[in-house]
Amino acid sequence: MTKWKEIDRNAKSWILEAGQRIKQSFSKTLTIETKSNANDLVTDIDKNTEQFFIKKIKEHYPDHKILGEEGFGDQISDLKGIVWIIDPIDGTMNFIHQQRNFAISIGIYEDGIGHVGLIYDVVHDELYHTIRGNGVYLNDLLLPSLQEVQVNEAIIGINATWVTENKRINPLLLAPLVKHARGTRSYGSAAIEMAYIASGRMDAYISLRLAPWDIAAGIILVEELGGIATTLKGEPINFLENNSLFISKPGLHQEVMNKYLNEGNW
Ligand code: IPD
Ligand code: CA
Ligand code: CA
Ligand code: CA
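The rules behind each value
- Residues numbered from 1 in each chain as written.
- Chains lettered and ligands numbered in written order.
- Predicted model: local features only at pLDDT ≥ 70, side-chain atom pairs only at ≥ 80, totals over all residues.
- Heavy atoms only, no water.
- UniProt positions renumbered as here; feature names shortened; annotations may be inferred.
- Donors = N, O, S within 2.8 Å, 3.2 Å for Na, K, Ca; no water.
- Salt bridge = Lys/Arg side-chain N within 4 Å of Asp/Glu carboxyl O.
- Helix = DSSP H or I, 4+ residues; strand = E, 2+ residues; numbered from the N terminus.
- Buried < 20%, exposed > 50% of the residue type's maximum accessible area, 1.4 Å probe, protein only.
- Contact = heavy atoms within 4.5 Å.
- Polar contact = N/O pair within 3.5 Å; in protein donor to acceptor, adjacent residues only side chain to side chain.
- Domains from an automatic or database assignment.
- Buried area = accessible area lost by both parts, 1.4 Å probe.
- Axes fitted to C-alpha atoms, helices over the stretch in contact; angles between N-to-C directions.
- Parallel < 35°, antiparallel > 145°, perpendicular 65-115°, else oblique.
- Nonpolar A, V, L, I, M, F, W, Y, C, P; charged D, E, K, R; others polar.

If you look the chain up in an unreviewed UniProt entry, it shows as inositol-phosphate phosphatase from Cytobacillus solani. According to its UniProt record, the chain has this under Cofactor (unreviewed entry): "Mg(2+)". Under the UniProt heading Catalytic activity (unreviewed entry), the entry covering the chain gives this text: "a myo-inositol phosphate + H2O = myo-inositol + phosphate".

Have a look at this one:
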């Protein structure tokens with residue numbers, strides 16, 4: 001078995017086990033804390049889940065590094081070697097308020113290149129997974145490559161924040177895109193939005209500020225299927241810092257960059 005197949009097999013079994021543990025927590029009372037502001041929530045389950053992965057990874061792969069949202073992993077200053085980028089629960093607000101529309105996200109990189117990507121939508125029992133170069137699967141189903149689509153037929157994932165007054169972007173920049181698209185959606189989990197591009201349920205996703213763990217797995221999945229991921233200014237993504245993100249099917253990416261996000265419009 002190749003190195004990545006073995007790592008993928010372990011990661012899959014751990015993500016499914018972690019999902020079971022999260023489901024079991026539904027009947028228990030959550031401990032909820034706030035982080036940077038009153039709406040930035042974290043629970044004991046986010047923390048326990050991250051620690052669960054760290055224990056498994058350190059046992060099996062002591063030389064791998066881990067970048068996790070809740071900070072139990074390593075301090076990472078570069079992407080040399082094998083780095084697991086983990087969001088134990090992406091969509092914590094949904095987890096707390098809805099008990100659905102959240103996912104576990106794991107991207108495994110070597111020297112900055114994504115090799116294994118997994119997103120597990122726990123409640124729907126949908127595991128999106130890929131080993132670079134081997135196609136993307138939704139559970140056991142091999143997903144087809146992404147086909148070109150135009151704005152007027154596209155469903156675009158975007159949070160209403162970015163078309164109302166905010167401190168990151170002039171809302172007038174994205175408003176025409178929202179108007180011309182076939183429709184918009186907001187699921188409240190970056191990982192799920194990107195998994196939905198992979199499975200064809202959506203065509204693109206836009207956010208002005210995401211952390212490496214929000215996007216590490218989703219980008220591997222979407223790129224494996226021929227999709228494109230850049231910042232909103234068309235720059236490459238840096239997995240060591242926060243980025244804006246425009247990720248989409250081919251064709252659509254170019255159309256949006258040319259007509260809506262071109263330099264002259266900023
Ligand atoms: C959040 C979700 C959300 C996105 C936020 C993220 P978290 O992640 O992905 O969709 O809009 O920017 O922080 O905190 O629930 O893991
Ligand atoms: Ca969070
Ligand atoms: Ca997240
Ligand atoms: Ca999280």
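Asker: I tried to follow the coordination of the calcium ion (ligand 4) on my own but got confused; where do I start?
Answerer: Octahedral metal centres with six donors ideally show angles of 90 or 180 degrees, and tetrahedral centres with four donors ideally show 109.5 degrees. Only Glu 69 (OE), Asp 87 (OD) and Ile 89 (O) from the protein coordinate the calcium ion (ligand 4), and they sit 2.2 to 2.3 Å from it. Read from N- to C-terminus, the donor residues coordinating the calcium ion (ligand 4) fall into the pattern E-x17-D-x1-I. The metal-metal distance between the calcium ion (ligand 4) and the calcium ion (ligand 2) is 3.8 Å, with Glu 69 serving as a donor to both.

Asker: Help me understand the pattern of salt bridges, please; the structure alone is not making it clear to me.
Answerer: Side-chain pairs of opposite charge can arise whenever the charged atoms involved come near each other. Here the structure, examined in full by the defined rule, presents 12 salt bridges. A salt bridge links Lys 3 to Glu 110, with the nearest nitrogen and oxygen atoms 3.0 Å apart. Highlighted residues: Lys 3 in helix H1 (residues 3-24) and Glu 110 in strand S5 (residues 103-110), separated in sequence by 107 residues. Overall, the relative accessible area of 23% leaves Glu 110 in the partly exposed class. For Arg 201, the salt bridge is made with Glu 126, and the minimal N-O distance between the two is 2.9 Å. Placement of Arg 201 in the loop between helix H5 (190-198) and strand S12 (204-210) and of Glu 126 in strand S7 (residues 126-131) is noted, with a sequence separation of 75 residues between them. Relative accessible area serves as the criterion here: at 36%, Arg 201 is assigned to the partly exposed category.

Asker: Looking at this structure, I do not really get the coordination of the calcium ion (ligand 3). What am I missing?
Answerer: At the metal site, the calcium ion (ligand 3) is ligated by Asp 87 (OD), Asp 90 (OD) and Asp 214 (OD), and these contacts range over 2.0 to 2.2 Å. If you look at the calcium ion (ligand 3) and the calcium ion (ligand 2), they sit 5.2 Å from each other. Remark: Asp 214 occurs in helix H6 (residues 212-224) and Asp 87 occurs in strand S4 (residues 82-90); sequence separation between them is 127 residues. Asp 214 gets classed as buried once you look at its relative accessible area, which sits at 12%.

Asker: Teacher, can you tell me more about the UniProt feature "binding site: Mg(2+) 1" (unreviewed entry) in the chain here?
Answerer: Here the UniProt feature "binding site: Mg(2+) 1" (unreviewed entry) sits at Glu 69, Asp 87, Ile 89 and Asp 214. Considering the C-alpha atoms alone, the annotated residues occupy 146 residues of sequence yet fold into one spot, their largest mutual distance being 9.5 Å. Residues within four places of Asp 214 in sequence aside, it is in contact with Asp 87, Asp 90, Ala 190, Ala 191 and Met 194. A polar contact of 2.7 Å, which involves the side chain of Asp 214, links it to the backbone nitrogen of Ala 211.

Asker: Even after reading the chapter, I still don't get the domain arrangement of the chain, so can you show me in this structure?
Answerer: Think of interface size as the accessible area that goes away when the parts come together; that is how it is often given. For the chain, the assigned domains are domain 1 (3-142) and domain 2 (151-265). A straight line from the C-alpha centre of domain 1 to that of domain 2 covers 22 Å. Facing 39 residues of domain 1, the contacting portion of domain 2 comprises 22 residues. Each partner contributes to the roughly 2200 Å² buried at the junction of domain 1 and domain 2, and carbon and sulfur atoms together form 67% of this total.

Asker: Honestly, the packing of H5 against H6 in this entry has me stumped. Any pointers?
Answerer: For any two helices packed against each other, one specifies the crossing angle of their axes together with the interaxial distance. Packing of H5 against H6 brings their axes to within 9 Å, and their N-to-C directions diverge by 0°. Between H5 and H6, the crossing angle belongs to the class labelled roughly parallel. Contacts between H5 and H6 pair Ala 190, Ala 191, Met 194, Ile 197 and Ala 198 from the former with Asp 214, Ile 215, Gly 218, Ile 219, Leu 221 and Val 222 from the latter. Residue composition of the contact of H5 with H6, grouped by class: nine nonpolar, one polar and one charged.

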